Amino acid sequence: VQLQASGGGLVQAGGSLRLSCAASGRAFSMYTMGWFRQAPGKEREFVAGITRNGGSTYYADSVRGRFTISRDNAGNTVTVYLQMNNVKPEDTAVYSCAAKVGGSIMQAVETYSYWGQGTKVTVSS
């Protein structure tokens, strides 16, 4: 089982960045997927989630209207994207993708069974 996040980097405030997460090793097309982030000195927090077929999404209040989550279930690898627009310095964090059983999007970290390593996003002011 592997969830590989990529796409992080340094971006100026107001700019855009697109994160990707390639999930393989299980039938991740049947899993609800989520993006989380953890800033230095803070707890991991929910950013966005998407249901198995991509029909429903949900966002944290802090990113709603700026970030968009999507997924591609074609093939053996499921890819989940996080398009980040109009980024702010407070978006600086390590972003990780995760997968959970079941069709509901949940914000609680403990409801997700599989996690990838993070990709670091730094937003400069």
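Let us look at the structure shown here. (Residues numbered from 1 in each chain as written. Predicted model: local features only at pLDDT ≥ 70, side-chain atom pairs only at ≥ 80, totals over all residues. Heavy atoms only, no water.)

### Quick word on unusual backbone geometry
Leaving glycine aside, a negative phi is the common case for residues, and trans is the common case for peptide bonds. For asparagine 86, which is not glycine, the phi dihedral falls at a positive 50°. Mapped onto the secondary structure, asparagine 86 falls in the loop between strand 8 (78-84) and strand 9 (93-100). (Helix = DSSP H or I, 4+ residues; strand = E, 2+ residues; numbered from the N terminus.)

### Remarks on the pattern of salt bridges
Tallied over the full model, the rule gives four salt bridges. Between glutamate 45 and arginine 37 there is a salt bridge, with the nearest N and O atoms lying 2.6 Å from each other. Classification of glutamate 45 by relative accessible area gives partly exposed; the value is 36%. Classification of arginine 37 as buried rests on a relative accessible area of 5%. Note that aspartate 91 and arginine 66 form a salt bridge whose closest N and O atoms lie 2.7 Å from each other. Taken as a pair, aspartate 91 in the loop between strand 8 and strand 9 and arginine 66 in the loop between strand 6 (57-59) and strand 7 (67-72) lie far apart in primary sequence, 25 residues in all. Looking at arginine 66, the relative accessible area reads 9%, which means it is buried. Through salt bridges that share partners, Arg37, Glu45, Arg66 and Asp91 make up one connected network. (Salt bridge = Lys/Arg side-chain N within 4 Å of Asp/Glu carboxyl O. Buried < 20%, exposed > 50% of the residue type's maximum accessible area, 1.4 Å probe, protein only.)

### Comments concerning the packing of aromatic side chains
Taken as a whole and judged by the stated rule, the model has eight aromatic pairs. Note on phenylalanine 28 and tyrosine 31: the rings are 5.1 Å apart at their centroids and 50° apart in plane angle, and the pair reads as tilted. Plain terms: the ring middles of tyrosine 31 and tyrosine 114 are 5.9 Å apart, the flat faces sit at 70° to each other, and that makes the pair edge-to-face. Placement of the pair is tyrosine 31 in the loop between strand 3 (17-24) and strand 4 (32-38) and tyrosine 114 in strand 10 (residues 114-115), with a sequence separation of 83 residues. When its relative accessible area of 10% is taken as the criterion, tyrosine 31 is described as buried. An aromatic cluster is defined as three or more aromatic residues linked by ring pairs; in this entry it consists of Phe36, Phe46, Tyr58, Tyr112 and Trp115. (Phe/Tyr/Trp six-rings, centres within 6.5 Å; stacked < 30°, edge-to-face > 60°.)

### Focus on the state of the cysteines
In total, this model carries one disulfide according to the counting rule given. The disulfide bridge from cysteine 21 ends at cysteine 97, spanning 2.0 Å between sulfur atoms. Handedness here is read from the sign of the S-S torsion; for cysteine 21 and cysteine 97, about 60°, the answer is right-handed. You can see cysteine 21 sitting in strand 3 and its partner cysteine 97 sitting in strand 9, a full 76 residues away along the chain. Like cysteine 97, cysteine 21 is buried. (Disulfide = S-S within 2.5 Å.)

### Re the sheet that holds strand 3
The strand order across the open sheet built from four strands is 1-3-8-7, with neighbouring strands paired in antiparallel fashion. The open sheet is flanked by strand 1 (2-6) and strand 7, the only strands paired with a single partner. Within this sheet the neighbouring strands show an average axis-to-axis angle of 15°, counted without direction. Of the strand pairs in this sheet, strand 1 and strand 3 are connected by five bridges, and their pairing is antiparallel. (Pairing = 2+ DSSP bridges. Axes fitted to C-alpha atoms, helices over the stretch in contact; angles between N-to-C directions.)

Geometric descriptors of this kind do not, in isolation, establish any biological role.
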